[in-house]
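Chain and residue survey
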Amino acid sequence: MATLTLENVKKSFGKTDVIHGVSVDVQDGEFIVIVGPSGCGKSTLLRMVAGLEAVSSGDIQIGGRRVNDVEPMDRDIAMVFQNYALYPHMSVFDNMAYGLKIAKVPKPEIEERVRQAAKLLQLEPYLTRKPRELSGGQRQRVAMGRAIVRKPAVFLFDEPLSNLDAKLRVQMRLEIKALQRALGVTALYVTHDQVEAMTMADRMIVMNGGVADQIGAPLDVYANPATEFVAGFIGSPPTNFIDGAAVGQSGGHRVGVRPEHMQLVGAGAGRLDGRAAYCEALGAETLVHVKSATGTQITVRQDAGHPIPEEGSEVGMDWDRENEMPFNAEGKRL
Amino acid sequence: MEKRVTFKGIWLPLLLVLPQILITAVFFFYPAGQAIWQSLFIPDPFGLSMQWVGLGNFEYLLSDRYYRASFVTTAIFSILVTLVSMGVALYLAVLADRLIKGSGAYRTLLIWPYAVAPAVAGVLWLFMFNTRVGVVSWYLGQLGYDWNHVLNEGEAMGLVVVASAWGRISYNFLFFLAGLQAIPRSVIEAAAIDGARFWTRFRTIVWPLLSPTTFFLLVVNIIYAFFETFGVIHTITSGGPQQATTILVYKVYSDGFVGQDLGSSAAQSVILLVVVSILTIIQFKYIERRVHY
Ligand SMILES: Nc1ncnc2c1ncn2[C@@H]1O[C@H](COP(=O)(O)OP(=O)(O)OP(=O)(O)O)[C@@H](O)[C@H]1O
Ligand SMILES: [Mg+2]
């Protein structure tokens, strides 16, 4: 268990800059999710913390110790890979025991710790199997088990759930979170799935093209996105962006309004007019996709009780001014 | 699932495999049959008549001190060629595998020796180690070492082993490199995080995962050393000195064509045929179940 500090960490591969300076202080036992679209540098950042990738500039500290030049094995971390990276020729037991054997932990203790982890992860019936004889979810658990038997100071996860089906993903998400809580280990978790980020994170780092656009608690980030990118990336369906001038926003270059903050009103009665393109009735709620007069796509989310407009009919859209999120020309929140 | 193509009649498939069957018949079944037939006779010195001796040729061979010595020579030679060519290839492959950039260039350079015919390779090495004009033997002379593989049995063996292994290194290298690159990088990284340093990783992860490749190469290289090194031996030592480098294949040639003992030579061919069949069966049995971890 330890704190983790990144200080203006940068990374370039040859001439290409991939990470442009990320700083964050992670508290002991905190669950941090790094979220962002594909190619924004999430894995690279995580791999630098793991020591699998050299840091180009800046400092990484684990438990107050600078680890830039420390080998992965001496950083007191454990990592769960996207493809699990299990040792294919070893049994589940040996996969989990591998690190302990190398650390020359006495045999009875290895046995004890592996059994304990297997029990926690419901892997007991599979200890003698090879990884190829397991389902995706079970392999995932073995990878988790391998991480927890070593009792590391920091857990690193690189999209550990992306190879699982949707249902299992939801279940494992809860399990991982519960496990981390129970063990109280600091965790750094990479995902491109904003729902995963919202549900698991104590705080999240929203990455955009090698820059940490915003770092904060999920609900804070949701309510107060610092950039246009964050507003668009976090939340589903995504935030609507409207030309500032079209809605009389003086300073705002563009204005973001979340779908749930919009209401449909009669044509001409709201702040913006458009034509209902199509409606998705999801049961509890309905998503109405509107094409505004200026050609912008807008999504309105309304409760099931509200009348659903005819497709192709003229509608108006209205929202409270306090729910408006104005952004300047550079995409920064005003 | 295997995808099977099925034909309606028998004639089209037969026609399609006919060329291969013809080639096999002319260049394999016919000579093999001849060898088996001839191994049962002793021809007279002028080749005018043949005398039936049954298994006499084989009995004679197996009690022949020189033939048994040739077996031992072949074993030593094959083991050395296999170890040297695979060892060096594995070493180079491990180095190239750690290289991210430029491994393509190394691969291309390292494949060249494979394109050199064994006899030519033999001549190249012979020139370098020629006792009078060879570059290497001259340098060895400067260092005070008197190189003479024409007289020294150990040196002769060493030279044919190196010359034979050299051409094989590139072939083995390609397979080892492919095998190494088939190991997911994340598995190696996971082991590194688990605390394994380079040698531990190699011993506990890389080597076991590479074992299918290693086994395949082992069989292929032994077959090579047994049968395809004739050119090297012929150009460098001609089996000498005192039969020190006369491996079984070479003995077939020297007894048959030089010594004109066709019956014995044919019997030796048959024995070799049996040996290569066994090796091939092992190889096929193995390749059938490729994954074994
Ligand atoms: N070894 C490398 N050499 C050169 N460029 C690299 C290397 N590794 C990653 N990159 C580049 O760095 C950028 C970030 O890569 P990274 O793998 O961190 O993205 P990511 O956010 O994890 O994406 P994904 O969600 O697809 O996994 C990408 O543009 C990628 O092309
Ligand atoms: Mg990634």
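Residues numbered from 1 in each chain as written. Chains lettered and ligands numbered in written order. Predicted model: local features only at pLDDT ≥ 70, side-chain atom pairs only at ≥ 80, totals over all residues. Heavy atoms only, no water.

Bringing the overall build of chain A into the picture now. A tally of regular secondary structure across chain A gives 8 helices and 18 strands. The long-range fraction of contacts in chain A, counting pairs at least 24 apart against all pairs at least 6 apart in sequence, stands at 64%. Total accessible area on chain A stands at roughly 14600 Å², and carbon and sulfur atoms take up 49% of it. Put simply, chain A has 37 plus and 41 minus side-chain charges, and the middle of one group is 9 Å from the middle of the other. (Helix = DSSP H or I, 4+ residues; strand = E, 2+ residues; numbered from the N terminus. Contact = heavy atoms within 4.5 Å. Areas by Shrake-Rupley, 256 points an atom, 1.4 Å probe, with all protein chains shown as cover. Lys, Arg positive; Asp, Glu negative; His and termini not counted. Charge placed at Lys NZ, Arg CZ, Asp CG, Glu CD.)

It is worth spelling out the domain arrangement of chain A at this point. Residue and element names in this part refer to chain A. Looking at chain A, the domain boundaries give domain 1 (4–232) and domain 2 (239–327). The C-alpha-based centres of domain 1 and domain 2 are spaced at 39 Å. The interface of domain 1 with domain 2 comprises 8 residues on the first partner and 7 residues on the second. Of all residues in domain 1, Tyr222, Glu228 and Ala231 bury the most surface against domain 2, accounting for 77% of the area lost on that side. On the surface where domain 1 and domain 2 come into contact, there are 1 salt bridge. Linking Arg254 and Glu228 is a salt bridge whose minimum nitrogen-to-oxygen distance equals 2.5 Å. Remark: the boundary between domain 1 and domain 2 carries 4 residue pairs in polar contact (both at pLDDT 80 or more). (Domains from an automatic or database assignment. Buried area = accessible area lost by both parts, 1.4 Å probe. Salt bridge = Lys/Arg side-chain N within 4 Å of Asp/Glu carboxyl O. Polar contact = N/O pair within 3.5 Å; in protein donor to acceptor, adjacent residues only side chain to side chain.)

Time to look at the packing of helix 3 (residues 107–120) of chain A against helix 4 (residues 136–149) of chain A. Residue and element names in this part refer to chain A. Axis separation between helix 3 and helix 4 bottoms out at 9 Å; the angle between their running directions is 135°. It follows that helix 3 is oblique to helix 4 by the angle criterion. In the packing of helix 3 onto helix 4, the handedness of the crossing is right-handed. For the pair formed by helix 3 and helix 4, the contact residues are Arg113, Val114, Ala117 and Leu120 on the first element and Gly145, Ile148 and Val149 on the second. Here the contact of helix 3 with helix 4 is composed, by residue class, of 5 nonpolar, 1 polar and 1 charged. (Axes fitted to C-alpha atoms, helices over the stretch in contact; angles between N-to-C directions. Parallel < 35°, antiparallel > 145°, perpendicular 65-115°, else oblique. Left-handed = near helix turned anticlockwise from the far one by under 90°. Nonpolar A, V, L, I, M, F, W, Y, C, P; charged D, E, K, R; others polar.)

Let us now look at the site of ligand 1. Residues and elements named next belong to chain A. Every residue lining ligand 1 is accounted for by Phe13, Val18, Pro37, Ser38, Gly39, Cys40, Gly41, Lys42, Ser43, Thr44 and Glu159. Within the side chain of Lys42, a nitrogen or oxygen atom sits 2.7 Å from an oxygen atom of ligand 1. Within the side chain of Thr44, a nitrogen or oxygen atom sits 2.5 Å from an oxygen atom of ligand 1. When ligand 1 is considered free in solution it has 630 Å² of accessible area, and contact with the protein chains removes 55% of it. No other element matches the 3 residues that helix 1 (residues 42–50) contributes to the shell around ligand 1. (Near = heavy atom within 4 Å.)

Time to look at the environment of Ser85(B). Residues and elements named next belong to chain B. Its location among the elements puts Ser85 in helix 3 (residues 65–98). Separated by 79 residues in sequence, Ser85 and Ser164 have C-alpha atoms that sit 8.4 Å apart. Those residues in contact with Ser85 that sit more than four places away from it in its chain are Ala165, Arg168, Ile169, Asn172 and Asn221. There is a polar contact of 2.8 Å between the side chain of Ser85 and the backbone oxygen of Val81. Here Asn172 takes part through its side chain, which lies 3.2 Å from a polar atom of the side chain of Ser85.

So, on to the confidence of the model for chain B. Residue and element names in this part refer to chain B. Of all residues in chain B, 95% have pLDDT values of 70 or greater, and the mean over the chain is 84. Element-level pLDDT for chain B is lowest in helix 4 (residues 103–111), with a mean of 73, against a maximum mean of 93 in helix 8 (residues 185–193). Here the predicted complex scores 0.81 on pTM and 0.85 on ipTM. (pLDDT = per-residue confidence, 0-100.)

Attention shifts here to the sheet that holds strand 9 (residues 203–208) of chain A. All names here are of chain A. Taken in spatial order, the 6 strands line up as 6-7-8-3-9-10 in an open sheet, and their pairing is mixed. Strands with a single pairing partner mark the edges of an open sheet, and in this sheet they are strand 6 (77–80) and strand 10 (211–216). Each strand axis lies, on average, 15° off the axis of its neighbour in the sheet, ignoring direction. With respect to the sheet, helix 4 is in contact with strand 6 and strand 7 (154–158), its orientation differing from that of strand 6 by roughly 175°. (Pairing = 2+ DSSP bridges.)

This brings us to the interface of chain A and chain B. Facing the 25 residues of chain A at the interface are 19 residues of chain B. Between chain A and chain B the total buried area reaches about 1800 Å² when both faces are included, carbon and sulfur atoms providing 62% of it. Summed over the three residues of chain A that lose the most area to chain B, namely Met73(A), His89(A) and Tyr98(A), the buried surface amounts to 32% of that side. Summed over the shared surface of chain A and chain B, the result is 3 salt bridges.

Sheet analysis places strand 15 (residues 285–292) of chain A next to strand 16 (residues 297–303) of chain A, joined by 7 bridges and oriented antiparallel. Of the residues in strand 16 of chain A, the one forming a bridge with Val288(A) is Val300(A).

Turning our eyes to something else, we now look at the nonpolar core. Counting 63 residues, the largest nonpolar core has Leu6(A), Leu45(A), Ile60(A) and Leu156(A) as the members making the most contacts within it. By residue number, the principal contributor to this core is helix 9 (residues 198–227) of chain B, which donates 8 residues. Leaving out residues up to four positions away in the same chain, Leu6(A) has contacts with Val22(A), Ser23(A), Val24(A), Leu45(A), Val49(A), Asp59(A) and Ile60(A). Membership of the second largest hydrophobic core comes to 47 residues, among which are Phe31(A), Val35(A), Ala78(A) and Val221(A). (Core = buried A, V, L, I, M, F, W, Y, C linked by side-chain atoms within 4.5 Å. Buried < 20%, exposed > 50% of the residue type's maximum accessible area, 1.4 Å probe, protein only.)

All right, on to the packing of aromatic side chains then. Applying the stated criterion across every chain, the model contains 24 aromatic pairs over all chains. Judged by centre distance (5.6 Å) and plane angle (40°), the ring pair of Phe31(A) and Tyr189(A) falls under tilted. Of this pair, Phe31(A) sits in strand 3 (residues 31–35) while Tyr189(A) is found in strand 8 (residues 186–191), placing the two residues 158 residues apart along the sequence. Phe31(A) sits in the buried class, given a relative accessible area of 0%. Between Tyr67(B) and Phe71(B), the aromatic rings sit 5.5 Å apart at their centres with planes inclined by 90°, giving edge-to-face as the arrangement. Placement of the pair is Tyr67(B) and Phe71(B) together in helix 3, with a separation of 4 residues, close to one helical turn. Looking at Tyr67(B), the relative accessible area reads 1%, which means it is buried. By relative accessible area, which is 33% here, Phe71(B) ends up partly exposed. Joined through ring pairs, the aromatic side chains of Phe31(A), Phe155(A), Phe157(A) and Tyr189(A) make up one cluster. (Phe/Tyr/Trp six-rings, centres within 6.5 Å; stacked < 30°, edge-to-face > 60°.)

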